[in-house]
Each structure stands twice: as structure tokens, then as C-alpha cells.
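Structural overview for review
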Amino acid sequence: MKESVSIIVACALIAVLVPIAFYVFLKKRYRITSQPFWAGVIAFVVFALVLERLALAVLHGTDLWARLLATPLKAVALAGLIAGVFEETGCLISMKISDLLQKREEREEEERLNSVSAKVKSEIMVVEHERNHALLHGLGHGTAVVVIFVVTMILNLVYAFRGASFFTATADPIDSIASETIIKAMTSMQGFHAVDFIYSLIEELAALGIHISLAVMVWISMKGSWFRLFFPLSIFLHAFTDVLVEVLVESGLSPFMCVVFFVTVSLTIVQFTLIVWGRIKIGTVLKAVQKVSEQEE
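Predicted model, so just to flag it, every value in this text is computed and none were measured.

Side note on the overall build of the protein chain
Scanning the protein chain from terminus to terminus reveals 9 helices and 0 strands. Element order for the protein chain, N to C, with α for helix and β for strand: α-α-α-α-α-α-α-α-α. Considering the protein chain as a whole, with its 297 residues, one finds that 41% of them fall into the buried category. Across the protein chain, every contact between residues at least 6 apart in sequence was considered, and the portion connecting residues at least 24 apart equals 82%.

What to know about empty space enclosed by the protein
Tallied over the full model, the rule gives 3 cavities of 30 Å³ or more. Residue lining of the second largest cavity: E88, C91, H137, G138, H141, H211, L214 and A215, and that is the complete set. Counting residues per element, the ones that place at least two in the lining of the second largest cavity are helix 4 (72-110), helix 5 (116-162) and helix 7 (194-221).

A short note on the layout of surface pockets
Roughly 1,600 Å³ of internal volume is contained in the largest pocket. Every residue lining the largest pocket is counted, 44 residues in all, and those nearest its centre are V145, E203, E204, D242 and V245. With 9 residues, the single largest contributor to the lining of the largest pocket is helix 7. For the lining of the largest pocket, the per-class residue count stands at 27 nonpolar, 9 polar and 8 charged.

Considering the side chain of H238
Relative to the assigned elements, H238 resides in helix 8 (residues 230-250). Judged by relative accessible area, H238 falls into the buried class, the value being 4%. Setting aside its immediate chain neighbours within four residues, H238 contacts G80, A83, G84, E87, E88, H211 and L214.

Some points on the packing of aromatic side chains
Counted under the stated rule, the structure contains 7 aromatic pairs. Ring plane angle 90 degrees and centroid distance 5.0 Å describe the contact between F37 and W38, whose orientation is recorded as edge-to-face. The buried category is assigned to F37, whose relative accessible area is 8%. For W38, a relative accessible area of 49% translates into the label partly exposed.

Points about the environment of I20
Considering the arrangement of structural elements, one finds I20 in helix 1 (residues 2-30). With relative accessibility at 44%, the residue I20 sits in the partly exposed group. For the pair I20 and L139, spaced 119 residues apart in sequence, the C-alpha to C-alpha distance is 9.4 Å.

Digging into the environment of M153
Looking at where M153 falls in the secondary structure, it is placed in helix 5. C-alpha separation for the pair M153 and A12, spaced 141 residues apart in sequence, amounts to 6.5 Å.

Concerning the nonpolar core
By size, the foremost hydrophobic cluster in this structure holds 38 residues, and its most contacted members are M95, L136, L139, W219, I220 and F262. Of all the elements in the fold, those that place two or more residues in this core are helix 1, helix 2 (35-60), helix 4, helix 5, helix 7, helix 8 and helix 9 (255-296). Top element by residues in this core is helix 7. It accounts for 12 residues. When sequence neighbours within four positions are dropped, the list of residues in contact with L139 reads P19, F22, Y23, L26, F37, L208 and I212. If you look at the next biggest cluster of nonpolar residues, it comprises 11 residues, including C11, A12, A15 and F197.

Points about helix 8
If you check helix 8, its first and last C-alpha atoms are 30 Å apart, about what 21 residues at 1.5 Å a residue would give, namely 30 Å. Among all positions of helix 8, only F230, F231, S234, I235, L237, H238, A239, T241, V243, L244 and L248 are buried. Phi for G252, located one or two positions after helix 8, is positive at around 90 degrees.

Regarding the environment of I212
By the secondary structure assignment, I212 is in helix 7. Put simply, I212 and T273 are 61 residues apart on the chain and 9.6 Å apart in space, counted from C-alpha to C-alpha. The contacts of I212, once residues within four sequence positions are left out, are F22, L135, G138 and L139.

The rules behind the values
- Residues numbered from 1 in each chain as written.
- Predicted model: local features only at pLDDT ≥ 70, side-chain atom pairs only at ≥ 80, totals over all residues.
- Heavy atoms only, no water.
- Helix = DSSP H or I, 4+ residues; strand = E, 2+ residues; numbered from the N terminus.
- Buried < 20%, exposed > 50% of the residue type's maximum accessible area, 1.4 Å probe, protein only.
- Contact = heavy atoms within 4.5 Å.
- 1 Å grid on protein atoms, 1.4 Å probe; cavity = no way out; pocket = protein on both sides within 12 Å on 5 of 7 lines; lining within 4 Å.
- Points joined across faces, edges and corners; volume = space filled by probe spheres on them.
- Nonpolar A, V, L, I, M, F, W, Y, C, P; charged D, E, K, R; others polar.
- Phe/Tyr/Trp six-rings, centres within 6.5 Å; stacked < 30°, edge-to-face > 60°.
- Core = buried A, V, L, I, M, F, W, Y, C linked by side-chain atoms within 4.5 Å.
- Expected span 1.5 Å × (residues − 1).

Given below as C-alpha cells:
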């Protein structure tokens, strides 16, 4: 019992400290405001916890969902697609709003620049700033998911020490449903071994990398032209990772191998995003030089 409690506490602390450390690093390294982070958090709450849940609630009451349940993989795929559409659309909308607000500051700064070298530097810094905003936005989205994970860990501790009696009956039907949901979720976790919480932590951190990568893809899609394809790609990858989790659970693989496979997929998505990001950076430098040269002529 003590071992499990210690591991749960350690997992919860690590889950909180990793996003905080990344947040502090981005703030200090790139000197950006906190606005994109909180935009990511708000976008997750509105589009994932509210709108997405409402859409799923409507779907669950249809005959289509009843038929899909006969093939769980199809049901998970549709739910994952819905999650991808709502969450990545929320990301796109909040990024566009942030972009509009940011461009006001950029125009004011541009008016103070006179030399060609300063203008080139400004063009590059603008794109760098946008990319770093995308990172912080994705971190905000992923941190909101991690917070839910931490809350689950805390509720498991509460359940372990106080039991189901901690959640008293209430006349309010909504509170009653919430309490029953919490108890059901925690009861299902009671059979977990201590190491399962470590696996869950690793999966959450890998998922954090995926969320940040998808946010960067949404930002890339805002660059126009063929880059727009990165938006549907982000939705597809979101749905794909949701389906992957279900496939791994049903595959019969050991929990360790499931975690290894999921982390590998996460690292692949992150690496792919970094490669595209790097190419955009090179293109940004060339375009900045070309743009300023044309303006000087």
C-alpha cells in the first residue's frame, strides 16, 4: 500500500513538474508572453471538455453508435476523429486570434526599423516568435490533459484512504452522477499495480509531445499554400493515436511493450514535426531576404 502511494505521488509530481519546466524554459529562452499557453488551456477546456463532450453525448444516443459498438475499433476511430476535429479546430481558432493580436505589435515594431539588416532580422524573428507561440500553445493544451491525469492520481489516493464513503449521496442529480462517475473510475483503477502508474505517466508525457507537435502542425497549416494540408494531417494523427491506444490495449502485448510502442510513435511524430519545422526555418530566412530586397528596389 505504502509503495503504491509513494509511486502515485511521485508520478503526479513528475507529471506536474515536466510541463512547468518546459514552460519556464520556453519563457526564458524565447522571451514570449504567457498568452499562448493560456489560449491552449482555454481552447482545450472549451473545445474538448465542453463541445466535444456534447457532440459525443449526442452521438452516444444514436442508432449509429449502437451499431458501431458491435465493432469497438470503429467506435473508437469515430470518437478519435471527433476529438481530432474539435481539439485541432479549437487550436486553429485560438492561434488565429493570437496571430491577429500579435500582428498589431509587429506592425508597431516594424515602423521603428530602418536598415535592411534590421528588417531581415525582424522578418525572421516574427516567424520564430509565431513558432514559439505554437509550442507554448501546444504545451497549454497538453498540460490541461496532464492536469486531468494528476487529478485522477489524487482521486485514487483519496479513494485508497477514505473509500467510496468519502463521496456522500446528494439530492442534486448532476452531483450524484459526477460522484458515481468518479467512484467508478477509481474503482476500476484499484486492480492496477504500482508499475502501471509509471507506465501511465510515461504515456502521458509521450502524449504531451504529440499534443505539442499537433499544435505546431496547426501553426504550419496557417502558412498557406500546400501547408494547409497539415491541418487535416493533425486531425488524422490525433484520431490515429486514439485508435492506437485501443489497438495496443486489445493486442495482448505486455504493458511494457505497449508503452514502448506508443512512445516510439510519439517520438516519430515529434521528429517529423521537427524536420518540417527546420525546413520552414530555412525557407523563412530566404524569403525574408528576398522580401526586404524587393522592398528596397
